[in-house]
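Read off the chains here:
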Amino acid sequence: MAPKVASGKEKLIDEDDEVLQAVILADSFDKLFRPLTTRTPRCLLPVCNAPLLDWTFESLALAGVQEIFVICRSHAEKVKQAISESKWSRPGSGIKIVPIMTAKETFSAGDAMRDVYTRGLVTSDFVLVMGDLVSNIRIDEVVRVHKERRKTNKDAIMTMVVKESGAAHRTRPQGDSSVFVLDAETSECLHYEPVSAYPRTAMTRIPREVLESHPEIEIRNDLIDCSIDVCSVEVPSLFQDNFDYEDIRRDFLHGVLTSDLLMKNIYCYVAKDGYAARVKDTKSYESVSKDILSRWTFPLVPDDNHPGGHVYQHSRAPAKSGNNTLIGASTKIHENAQVTGSVIGRNCVIGAGSIIDGSYIFDGTVIGPQCVVKRSIIGAGVTIKEKTRVEKGCLVGDGVVVGPLAVLDSFERLSKRRNAPGEDEEEDDDDDDEEGDDDEEDDDDEEDDDDDEEDDEEEDDDEEEEEDSEIEEIEANQDKTSSILGKDSNAIVWPRGPSEDDGDGDGEDLAAYKNQRARRLGDEGSDLGVSDEGSDSSDAESDDESSDDDSGNDFYMSGDTGTSPLATPTLIPSGQMQEKEFRIEVAQSLERAFAEGHSVDNAAVELKTLRMASNVPLSRVREAVVAAIVEAVKIVDGAAAQRKEISRVVGRWGELINKIGGVDAVETVSALQMHCASSDRFPLFGQILAELYQTDIVEEDDIRAWYKTPAAKGVGLAAGPTAENVKRCWAVGGKMIEQFDEQESESEDESE
Amino acid sequence: MASEPANTATQRAVETLAWKLRRRQIVGSRATALETLLVLRQVISKSRFSNMEQLVAIIRAVGRRLVEAQPKEHSVGNTVRKVLHHIREEYHTATKGTATTSSGGFSISKFVLLGQPRKQAAPPKTESKGTLKENDPDDPDSFARSLKPVLMEAIQDVLDELETVYDNVSKNAQNHIHSDEIILTLGMSKTVEHFLISAAHNRNYTVMVLETAPSYGGRDMAKTLSAAGISTFLVPDSSLYGLMSRVNKVILGAHAILANGGMFAITGSLLAATAAQEHCTPVVVCAGQFKLTPLWNLYHEYGALDFGDPSQVLGFEEGSLVDKVDVVNPFYDYVQPNLIDAFITNDGDHPPSSIYRLIKETYDDEDNVL
């Protein structure tokens, strides 16, 4: 331990000699690639015939990273094996790669980061990337900028690398983009909001504080989030402290940016040169493959520095195949076969007269004569027999046999039936084939099928069991599919539709499913012929979306609407839950304060703590405080007595409203209005408002501003007693303003 | 044979260079040649061998590894071949006491005088004489021990040649450029830069530099030339043809000179050479000898051109275009021998038709395929 501490201190003296470390989160924590990922982890899926993880390693090596920790969870053994067999473990690679197997209970990136912390892996600033990154960005330059910034600002804990893209870009996934609000000068990230394709995020809300403290900001929706983060050592410990952080962007980034206590800054690095993108879903799989083939990733291109170590030749399209096609070694393409815009693995056979268009075919797959395969991903060792049609968006798992004469509809997903009676023999054959292939290959990135079987059975791991049970369920639901898949098929068809798509199983499923559709290979939304109601994510709309985001008129709304400005649509249920609890807590705490006569300052501190603990926006606190004060006013008979009571309560506690962490009188008035409208203290609205005015908690201008907002008139509220009351409150406000006007004219008269 | 653990350090040096070549962390023919030479020196000084075949095998293995890592940097292979050639020469000197006569400065006039190409027969294998003993069972290291100093010297010679290559290429510059000439060049080539600056000491002439999109190396070139006091114009690529009628000479740099007298040179060279031919303007190529490559029709013309990424031509942010447009951005042009009038090397001036001879002189035939 001792030398480590010493080296930590020396850090200040010679920073350049430090080993640059990287942490790869090699698990995706989602299931967008299934059934391709049932047997292989996503990071070992081949992209342009090299495992995704090798592309990531190469990207990091290009940036001069010397030590890499790979955090793997699902199929961790395979990842470990793949790493030990890869060229990176050979001497002279200059990189130390340490696979770290985390517990099966690691369900999110946050859990993985906590694991990084508990293991004490990182000793200095490090690069955090996902295991599906393809990049040629000079990350060392980002690290340098980050360290430079750290010298002057110790609170700059993270630098995120983002890449500019246009309004519509194939590499910026529709279902998974985000809005960044950056300081124009320092590119400090001030606000972040994810954008979902369904329900389509049409507006973003920017906290008022951002506008207050930064004279010039950029609101950008054209950035590809490369998920390359240069982090300081504090970052894992922040995850440790906040055990509910799951996603690095949605939770951690958002948490740090909105926290008043942490006072940490996060910066963006808008990469001008270079390329970086993640293979997050099947759609980005396609776009990244295309980008690699059109050489955006240079020098990481197949004919130059192919991460799999294969040698490819770059040539002008020969007669048989179109441009931007990659064909692996020992692959046979028979006469009259057309291959366009596709990637074909090694040892494949494409039958005579077949048409392969925009598809990704892994190693050792045999496609019979007269087949048509369009925009699909076909796993390794698949046999597609003659005259089969595979429509776009299909995912065919490893080892599947389909056909002959089968027709796969768009977006069909197939995987191999396990241990089905009568299929064993055939399966063995497959295994033999695969083994033979492996012997010929120079690097064994693909796993043997029989290994998989053993793994499945031997490993007592929850996820696989869960998966197994899922597969069993699917198998149980196979009826008359064989008629579609052809008589020789060993495949099972995965159900379409939202129900199985993700395991959460509640009301958001449909939304989540539609959101995922936007991230699916070949799913355009514009092709209405095949897609159903989920086609909201067309490219045309994305343009409106970005213009919506950029228009400035959303800001003021954050003050007066009742909905949370920050919660994402999918998080609403949990957010509401939290808010309810929070409201009760505030009410209790204030009740205690009122009863025991705490000082206003103490009560304010208590409220702040509560707010931090439950992570709610300021407007919620204001509403709760206003509500509590209104409720504290006792209803007494007699106008004079009532007024006295109000002035007692407001005079004692009114100040608190402005001490909770921000002054926003307009919001106070609308909170008062909303609360009074739904409470039995409705008649007191005018008097309380007057009292607030008397005690200078709200100014005349604020009341006027509130009066003008649409929400104050009850616009957008469902008709009912509450809406009625809201309107009456508004009328009361109107009278008050009339009084102001009179007073003003009187005073003017006097002065004249 | 050499033991594995002793070799890990050199092994690592080789691998590191291979990685750098793959990742394009070392680019440029001279830089790669220098790095290759340094690694070879390390390999030779550390490795153990008891006869000539072993030594050659070791160097070839290293050479093959490096060439495979980056087949498009031809100077790597050239350097390895050159070192092998020198080693054999030294070996023959040591064993026979007589060096194979080296013709020294080779020029067009001498070529005419010499007539028939000299047959470069491998000298008959003679048993070692004097102090040099191969395969000595008592002391397997004796061969290496006695030969190593000479080998180091041989490598030092190659190194010196590389280091002085610019000066040697440009020593005759004033004979090629005359006063009041207008010279056209393009791209950023250190050799051409030295050549032009050296000529400027004695001559007063004008240089037109093409911008050379998309790398815009011409801009840097124009800056350095005008800083050296040469009257320089930076002109857009599109005006190439229009200007050509006024140009007296086109001077180009090369990436690799091929055995057929053609060359790989920065994109735009082919255009310039073709325009020059139309106007009967002489095209002169300045290059160091290490660019001589005993290969031609490598792969085929298209694939050997080494394509860069499209971002220099089309911004990645042009999302709607990226999906629909394929950008082809080759680094090099293949310039056919008939478009080139002369090569000026550190080993004299040659017409394209005699490059094959120069290559035969510089390398041993058996090394053409490493």
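In this text the structure is predicted, and so the values were computed from the model without any measurement. (Residues numbered from 1 in each chain as written. Chains lettered and ligands numbered in written order. Predicted model: local features only at pLDDT ≥ 70, side-chain atom pairs only at ≥ 80, totals over all residues. Heavy atoms only, no water.)

### A word on the interface of chain B and chain A
Taken residue by residue, the interface counts 31 residues in chain B and 36 residues in chain A. Our count for the chain B to chain A interface comes out at one salt bridge. Measuring nitrogen to oxygen at the nearest pair gives 2.7 Å for the salt bridge that ties R23 of chain B to E58 of chain A. Residue assignment for the side of chain B that touches chain A shows that the elements contributing at least two residues are α1 (8-22) and α13 (319-322) of chain B. Examining the composition of the side of chain B that touches chain A, we find that five residues originate from one element, α1 of chain B, more than from any other. Looking at the side of chain B that touches chain A residue by residue, the classes come out as ten nonpolar, ten polar and eleven charged. (Contact = heavy atoms within 4.5 Å. Salt bridge = Lys/Arg side-chain N within 4 Å of Asp/Glu carboxyl O. Helix = DSSP H or I, 4+ residues; strand = E, 2+ residues; numbered from the N terminus. Nonpolar A, V, L, I, M, F, W, Y, C, P; charged D, E, K, R; others polar.)

### A closer look at helix α22 (residues 685-694) of chain A
The periodicity of an α-helix, 3.6 residues per turn, causes residues three or four places apart in sequence to face the same way. If you check which residues of α22 of chain A are buried, you get F685, I688, L689, E691 and L692 of chain A. The buried residues of α22 of chain A occupy an angular sector of 160 degrees when the element is viewed end-on, so they sit on one face. (Buried < 20%, exposed > 50% of the residue type's maximum accessible area, 1.4 Å probe, protein only. Arc of directions from axis to C-beta.)

### Looking at the packing of aromatic side chains
Scanning all chains against the criterion turns up twelve aromatic pairs over all chains. Ring plane angle 10 degrees and centroid distance 4.7 Å describe the contact between Y707 of chain A and W730 of chain A, whose orientation is recorded as stacked. With Y707 of chain A in helix α23 (residues 700-708) and W730 of chain A in helix α24 (residues 721-751), this pair connects stretches of sequence that are 23 residues apart. Residue classification places Y707 of chain A among the partly exposed positions, given a relative accessible area of 23%. Note on F331 of chain B and Y332 of chain B: the rings are 6.1 Å apart at their centroids and 55 degrees apart in plane angle, and the pair reads as tilted. Put simply, the rings of F33, Y285, Y360 and F362 of chain A pair up and form one aromatic cluster. Directly above the ring of Y216 of chain B sits R219 of chain B, whose terminal nitrogen or CZ lies 4.0 Å from the centroid. (Phe/Tyr/Trp six-rings, centres within 6.5 Å; stacked < 30°, edge-to-face > 60°. Lys NZ or Arg CZ within 6 Å of the ring centre and 35° of its normal.)

### Section: the packing of α1 of chain B against helix α2 (residues 29-46) of chain B
Working note: a packed helix pair is described by the angle between its axes plus the distance between those axes. Residues and elements named next belong to chain B. One way to put it is that α1 packs onto α2 with a least axis distance of 9 Å and a crossing angle of 165 degrees. When the interaxial angle is binned, α1 and α2 end up roughly antiparallel. The element α1 and its partner α2 pack so that their crossing is left-handed. On α2, the residues touching A9, T10, A13, V14, L17 and L21 of α1 are T32, E35, T36, V39, Q42, V43 and K46. (Axes fitted to C-alpha atoms, helices over the stretch in contact; angles between N-to-C directions. Parallel < 35°, antiparallel > 145°, perpendicular 65-115°, else oblique. Left-handed = near helix turned anticlockwise from the far one by under 90°.)

### So, the confidence of the model for chain A
Residues and elements named next belong to chain A. The predicted model of chain A averages 73 in pLDDT, with 74% of residues at 70 or higher. By mean pLDDT, the top-scoring element of chain A is strand β21 (residues 360-361) (91), and the lowest-scoring one is helix α16 (residues 557-560) (33). A low-confidence stretch, residues 1-16 stays under pLDDT 50, and its non-local contacts, those more than four residues away or across chains, total five contacts. (pLDDT = per-residue confidence, 0-100.)

### Looking at the pairing of strand β3 (residues 231-235) of chain B
All names here are of chain B. Across five bridges, strand β2 (residues 206-210) lies against β3 in parallel orientation. Bridging across to β3, T206 finds its partner in S231. Taken together, β2, helix α10 (residues 217-227) and β3 constitute a β-α-β crossover, and its handedness is right-handed. (Pairing = 2+ DSSP bridges. Right-handed = clockwise from strand over helix to strand, strands pointing away.)

### Looking at the nonpolar core
Core analysis: the biggest nonpolar cluster contains 57 residues, and L196 and I251 of chain B have the highest contact counts within it. Once residues within four sequence positions are removed from consideration, I251 of chain B is found in contact with I177, I183, L184, T185, L186, V192, F195, L196, V284 and C286 of chain B. Judged by nonpolar contacts, the second largest core, of 45 residues, contains V626, V630, I660 and A671 of chain A. (Core = buried A, V, L, I, M, F, W, Y, C linked by side-chain atoms within 4.5 Å.)

### As for the sheet that holds strand β6 (residues 126-130) of chain A
All names here are of chain A. Judged by pairing direction, the sheet is mixed, and its seven strands sit side by side in the order β5-β4-β1-β6-β12-β8-β13 without closing on themselves. Of all strands in the sheet, those with a lone pairing partner are β5 (96-101) and β13 (265-271), marking the two edges. Ignoring which end each strand starts from, the neighbouring axes of this sheet average 25 degrees apart. Across seven bridges, strand β8 (residues 156-164) lies against strand β12 (residues 223-231) in antiparallel orientation. Of the residues in β12, the one forming a bridge with E164 is L223. Where helix α3 (residues 76-85) meets the sheet, its contacts fall on β4 (67-72) and β5, and the angle it forms with β5 comes to roughly 170 degrees.

### Section: the environment of F682 of chain A
All names here are of chain A. Here F682 is to be found in the loop between α21 (665-677) and α22. Spatially, the C-alpha atoms of F682 and L672 are 9.8 Å apart, while their sequence positions differ by ten residues. In contact with F682, not counting residues within four places along its chain, are C676, A677, N725, R728 and C729.

### Thoughts on the confidence of the model for chain B
For chain B, per-residue confidence averages 82 on the pLDDT scale, and residues scoring 70 or more make up 84% of the total. Contacts for the low-pLDDT stretch residues 115-130 of chain B, under 50 throughout, to residues beyond four places or in other chains number 19 contacts.

### A short note on the packing of helix α19 (residues 618-632) of chain A against helix α20 (residues 639-657) of chain A
All names here are of chain A. Between α19 and α20, the shortest axis-to-axis distance is 9 Å and the interhelical angle comes to 160 degrees. The angle between α19 and α20 falls in the class roughly antiparallel. Seen along the crossing, α19 lies across α20 with a hand that is right-handed. Of the residues in α20, those in contact with R622, V625, V626, I629 and A632 of α19 are E645, V649, W653, G654, L656 and I657. Partitioning the contact of α19 with α20 into residue classes produces eight nonpolar, one polar and two charged.

### Topic: the pairing of strand β30 (residues 413-416) of chain A
All names here are of chain A. Where burial is concerned, the two faces of β30 agree: the one with R413 and S415 and the one with L414 and K416 are both buried. Pairing of strand β27 (residues 395-396) with β30 involves two bridges; the strand directions are parallel. Opposite L395, over in β30, you have R413 as the bridge partner. Relative to strand β31 (residues 491-494), β30 is paired through four bridges, and the arrangement is antiparallel. Each bridged residue has a counterpart across the sheet, and for L414 the counterpart in β31 is V493.

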